[in-house]
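Chain by chain, the residues:
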Amino acid sequence: VGVTSRTFASAEKTAASVGCAACADVDALLALEPEYIVEAASVEAVRAMAVPVLRRGVNLVVLSIGAFADLAFYEEVKQAAREGGAKVHLASGGFDVLQTVTLMAEALKLDEKAGIETHTGAKGFRNTPVWADHLLTDTEKTTVFTGSAKEAIATFPRRVNVAVATSLATTGPDITGVTMHSVPGWVGDDHCITAEIEGVKAVVDICSSTSAIAGWSAVALLRNIASPVCFY
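If you're wondering where the values come from, they're calculated on a predicted model, not measured in any experiment. (Residues numbered from 1 in each chain as written. Predicted model: local features only at pLDDT ≥ 70, side-chain atom pairs only at ≥ 80, totals over all residues. Heavy atoms only, no water.)

### What about the overall build of the protein?
Scanning the protein for helices and strands turns up eight helices and 10 strands. In terms of C-alpha radius of gyration, the protein reaches 19 Å, essentially the compact-globule figure of 17 Å for 232 residues. Viewed in the frame of its principal axes, the protein has a C-alpha envelope of about 50 × 45 × 35 Å. When contacts within the protein are restricted to residue pairs at least 6 apart in sequence, long-range pairs at least 24 apart make up 63% of them. Summing over all exposed atoms, the protein offers an accessible surface of approximately 13,000 Å²; the carbon and sulfur share of this is 54%. Here the protein contributes 18 positive and 26 negative side-chain charges, whose respective centroids are spaced 3 Å apart. (Helix = DSSP H or I, 4+ residues; strand = E, 2+ residues; numbered from the N terminus. Rg over C-alpha atoms; globule rule 2.2 N^0.38 Å. Contact = heavy atoms within 4.5 Å. Areas by Shrake-Rupley, 256 points an atom, 1.4 Å probe, with all protein chains shown as cover. Lys, Arg positive; Asp, Glu negative; His and termini not counted. Charge placed at Lys NZ, Arg CZ, Asp CG, Glu CD.)

### Here we look at the sheet that holds strand 5 (residues 88-90)
One open sheet holds the three strands; their spatial order is 3-4-5, and the pairing between them is parallel. Of all strands in the sheet, those bounded by a partner on one side alone are strand 3 (36-39) and strand 5. Across the sheet, the axes of successive neighbouring strands diverge by a mean angle of 20 degrees, strand direction being ignored. As defined by bridge partners, strand 3 adjoins strand 4 (residues 59-62) across four bridges and the pair is classed as parallel. Residue pairing for strand 4: Ile-37 is matched across the bridge by Leu-60. (Pairing = 2+ DSSP bridges. Axes fitted to C-alpha atoms, helices over the stretch in contact; angles between N-to-C directions.)

### Topic: the sheet that holds strand 6 (residues 113-121)
Paired through backbone hydrogen bonds, the strands of a sheet run either parallel or antiparallel to each other. Here we have five strands laid out as an open sheet, ordered 7-8-6-9-10, and mixed in their pairing. Looking along the sheet, the strands with just one partner apiece sit at the ends: strand 7 (142-148) and strand 10 (200-208). Adjacent strand axes in the sheet meet at a mean angle of 10 degrees when their direction is disregarded. Judged from the eight bridges that link them, strand 6 and strand 9 (residues 189-197) form a sheet pairing that is antiparallel. Directly across from His-119, in strand 9, lies its bridge partner Asp-190.

### Considering the environment of Gln-79
Following the sequence through the fold, Gln-79 ends up in helix 4 (residues 71-84). Expressed as a C-alpha distance, the spacing of Gln-79 and Leu-221, which sit 142 residues apart in the sequence, is 22 Å.

### Quick notes on a nonpolar patch on the surface
A surface patch of nonpolar side chains, amounting to about 190 Å² of accessible area, comprises Val-38, Leu-222 and Ile-225. Position of Val-38 relative to the elements: it lies in strand 3. On the accessibility criterion, Val-38 (37% relative accessible area) is partly exposed. (Patch = residues over 30% accessible without salt bridge, like charges linked within 9 Å, V, L, I, M, F, W, Y side chains within 5 Å. Salt bridge = Lys/Arg side-chain N within 4 Å of Asp/Glu carboxyl O. Buried < 20%, exposed > 50% of the residue type's maximum accessible area, 1.4 Å probe, protein only.)

### Thoughts on the environment of Lys-150
By secondary structure assignment, the location of Lys-150 is in helix 6 (residues 149-155). Each C-alpha atom of the pair Lys-150 and Val-178 lies 9.1 Å from the other, and the pair is 28 residues apart in sequence. With residues near it in sequence (within four places) discarded, Lys-150 still touches Pro-173 and Asp-174.

### Side note on the pairing of strand 10
Bridge count between strand 9 and strand 10: nine bridges; the pairing is antiparallel. Each bridged residue has a counterpart across the sheet, and for Ile-197 the counterpart in strand 10 is Val-200. Joining the antiparallel neighbours strand 9 and strand 10 is a turn of two residues, in which Gly-199 adopts a positive phi near 90 degrees.

### Remarks on the pairing of strand 4
Side chains Asn-59 and Val-61 project from strand 4 onto one buried face, and the interleaved Leu-60 and Val-62 project onto a second face that is buried too. Note that the unit made of strand 3, helix 3 (residues 43-55) and strand 4 has a crossover that is right-handed. The β-α-β motif built from strand 4, the intervening helix 4 and the parallel element strand 5 has right-handed crossover chirality. (Right-handed = clockwise from strand over helix to strand, strands pointing away.)

### Description of the packing of helix 3 against helix 4
It is at 7 Å that the axes of helix 3 and helix 4 come closest, and there the two elements cross at 25 degrees. Regarding the angle of helix 3 to helix 4, the classification is roughly parallel. Pair helix 3 / helix 4 crosses with left-handed handedness. Counted together, Val-46, Arg-47, Ala-50, Val-51, Leu-54 and Arg-55 of helix 3 and Phe-73, Glu-76, Val-77, Ala-80, Ala-81, Glu-83 and Gly-84 of helix 4 form the full contact between these two elements. Per-class residue counts for the contact of helix 3 with helix 4 are eight nonpolar, one polar and four charged. (Parallel < 35°, antiparallel > 145°, perpendicular 65-115°, else oblique. Left-handed = near helix turned anticlockwise from the far one by under 90°. Nonpolar A, V, L, I, M, F, W, Y, C, P; charged D, E, K, R; others polar.)

Given below as structure tokens:
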């Protein structure tokens, strides 16, 4: 029904392409009484709009899951959703099987091991604490980070959407392991995510040379919501 963006010109461009209203801000978008708002902007956008949107009873689909690295904010968002009778949908893709393993671990009181291993190009680590010029000329992959999801969040506040989603779906930021590799000439990202308990091991491997898959994950989520047959 409508779209808003950081600049009104951007909102107008998108609105014209899909035939909906261009809105100056989120309040104007809410005035159109949407059932769902899909965020495809930034962590900052999620922090600014999630609570007021949910308190209005509007469901929210979030792509910038890194916003929930702040667990206090995550709890605030969940409470706002309860108050408004709305839901937050995390467009992460394939994480349902990880949640299933975690549910089994909790119910059966089993130890669970969960983590994510990421391979990406060297340029992706620029302007982060692990950056070094040699990463551009290395001939083999270099492991630039090993630690917990909580530590990864502190080190890479703008590059941890998948790591945050992994930790929220499994063992939590303090326990979920994160390993990141810089690979010469690599294009895109490869995220290999595992959750393992006695008798069960789930692996989700997401390899993409384009960030467009994030947008399509939101489309798939919305189609699933509206479909008489749902896949989880």
